[in-house]
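# Coordinate inspection notes
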Amino acid sequence: MDKRPIGVFDSGLGGLTAVRELEEILPGESVVYFGDTGRVPYGTRSREAVRRYARQDMAFLIAHDVKAVLAACGTVSSTSADIGAQLPVPYFDVVAPTARAAARATRNGKVGVTGTNASIHSGAYVQALKTADPAVQVYPMACPLFVPLVESGFVSPEDPVTLLVAERYLASLREAGVDVLILGCTHYPLLSLAISRVMGPGVTLIDSGKEAALALGEALREKDLLCPPGIPRQAQYYVTDAPENFSAAAKLFLGHPVEGTRVDIEKY
Ligand code: DGL
């Protein structure tokens, strides 16, 4: 057993969808969360920039003595898995568990993948889906406006702006007949209701933050790395921009308020 916290990071707030899941499935586990709110979004940047940021974010978590690192960011997961694999603690990301869940869920073999520009252009989800099931037909779609919509609170399934953007991105996937849609960016689950409305009730949405958290929980259990009973849970949240803004927006993701602490990531 290992009482050290789990380290979770994202370019900003999206990774909190994985933390929310961890709170539910592993309520005894402490968490150190790092959200790079000063440099979000990652998804529109070059691969080199994302990899440099990912290296710093992981170094920050390792310096906080975590027992495992979860990249709860589709963009980092798609571009920087080799960096994570070199860490001195087990590394997890969203791509493989999400692809496995989608391959299991599809009935007609047609899977749509949404994500940031960087995630979709990396081809990582397509490759992971083909590994999970070579027969699956994959329909990728970059949805760059989804992140600013979520960060601006435009998450209601009644919001005409959100519905218009979702329709523009997703109509071709609906017409292709996908029966499973991967939400390959950890921000997107907040748009689930709007996305479902556009895709229709027959399409199963796969939440990448949730699938990653489930896979992490299983692995910690298997490796006997869960926290021993009786140790009070702690959660620390670190950000790189105004903590007040983070605290207000985090409530939308977690359903409860948290306090963020500002750090200088350039030191890592
Ligand atoms: N949470 C990030 C991801 O999952 C999206 C936000 C960004 O572009 O940085 O890719």
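A brief report on the enclosed structure follows. (Residues numbered from 1 in each chain as written. Predicted model: local features only at pLDDT ≥ 70, side-chain atom pairs only at ≥ 80, totals over all residues. Heavy atoms only, no water.)

### Some remarks on the environment of R47
Where we set the bar: Numbering goes from the N terminus for both helices and strands, where a helix is a DSSP run of H or I of at least four residues and a strand is a run of E of at least two.
With respect to the secondary-structure elements, R47 resides in helix α2 (residues 47-63). R47 sits 31 residues away from L16 along the chain, and the two C-alpha atoms are 23 Å apart.

### Structural notes on the environment of Q137
What counts is decided by this rule: Buried means the residue's accessible area, taken with a 1.4 Å probe over protein chains only, is under 20% of the maximum for its type, while exposed means over 50%, and partly exposed covers the values in between. A contact between two residues is defined here by any heavy atoms of the two lying within 4.5 Å. N or O atoms within 3.5 Å of each other form a polar contact, as long as, within protein, one can give a hydrogen and the other can take it, and as long as residues adjacent in sequence are counted only when both atoms are side-chain atoms.
As for its placement among the helices and strands, Q137 is situated in strand β6 (residues 137-142). Assessed through its relative accessible area of 41%, Q137 is described here as partly exposed. In sequence terms Q137 and L87 are 50 residues apart; their C-alpha atoms lie 33 Å from each other. Leave out the neighbours within four places in its chain, and Q137 touches G109, K110 and V111. A polar contact is formed between the side chain of Q137 and the side chain of Y139, at a distance of 3.1 Å.

### Digging into the site of the ligand
To be explicit about the condition: Throughout, near means a residue has at least one heavy atom within 4 Å of the molecule or strand. The method behind every accessible area is Shrake-Rupley, applied with a 1.4 Å probe, and residues are considered shielded solely by the protein chains displayed.
Taken together, 14 residues lie near the ligand, and S11, Y42, G43, G74 and T75 sit nearest. One nitrogen or oxygen atom from the main chain of Y42 is found 2.6 Å from an oxygen atom belonging to the ligand. A distance of 3.1 Å is found between a nitrogen atom of the ligand and a side-chain nitrogen or oxygen belonging to H187. Considering the ligand on its own, with 290 Å² of exposed area, one finds that the protein chains cover 99% of that surface.

### Examining the pattern of salt bridges
Rules: One speaks of a salt bridge when a side-chain nitrogen belonging to Lys or Arg is within 4 Å of a carboxyl oxygen belonging to Asp or Glu.
For the structure shown, the criterion picks out 14 salt bridges. Across the salt bridge formed by R39 and E266, the nearest N and O atoms sit 3.3 Å from each other. One end of the pair, R39, is in the loop between β2 (31-35) and α2; the other, E266, is in the segment after β10 (260-262), and 227 residues separate them in sequence. Two residues, R262 and D241, come together in a salt bridge whose shortest N-O distance is 3.5 Å. Here R262 is found in strand β10, whereas its partner D241 is found in the loop between β9 (235-239) and α12 (243-254), with 21 residues between them in sequence.

### Points about the pairing of strand β5 (residues 110-115)
Walk down a regular strand and you will see the side chains alternate between the two sheet faces. Inclusion rule: Pairs of strands are assigned from DSSP output, requiring at least two bridges between the strands.
Within β5, five of the six residues are buried, which leaves it mostly tucked inside the rest of the structure. Alignment of β5 against β6, held across six bridges, turns out to be parallel. Its bridge partner lying in β6, K110 is registered against Q137. Summarising the sheet, β5 and strand β7 (residues 180-183) pair through four bridges and their orientation is parallel. Following the sheet pairing, V111 is matched in β7 by V180.

### What about the sheet that holds strand β4 (residues 91-93)?
Pairing between the strands of a sheet comes from backbone hydrogen bonds, and it takes one of two forms, parallel or antiparallel. What counts is decided by this rule: Axis angles are defined between N-to-C directions and span 0 to 180 degrees, where every axis is a line fitted to C-alpha atoms and, for a helix, only to the segment in contact.
The six strands are arranged β4-β3-β1-β2-β9-β10 in an open sheet whose pairing can be described as parallel. Two strands bound the open sheet, and with one partner strand each, they are β4 and β10. The sheet shows a mean angle of 25° between the axes of neighbouring strands, direction not considered. Sheet topology note: the β2/β9 ladder contains five bridges and is parallel. If you follow F34 over to β9, its bridge partner there is Y238.

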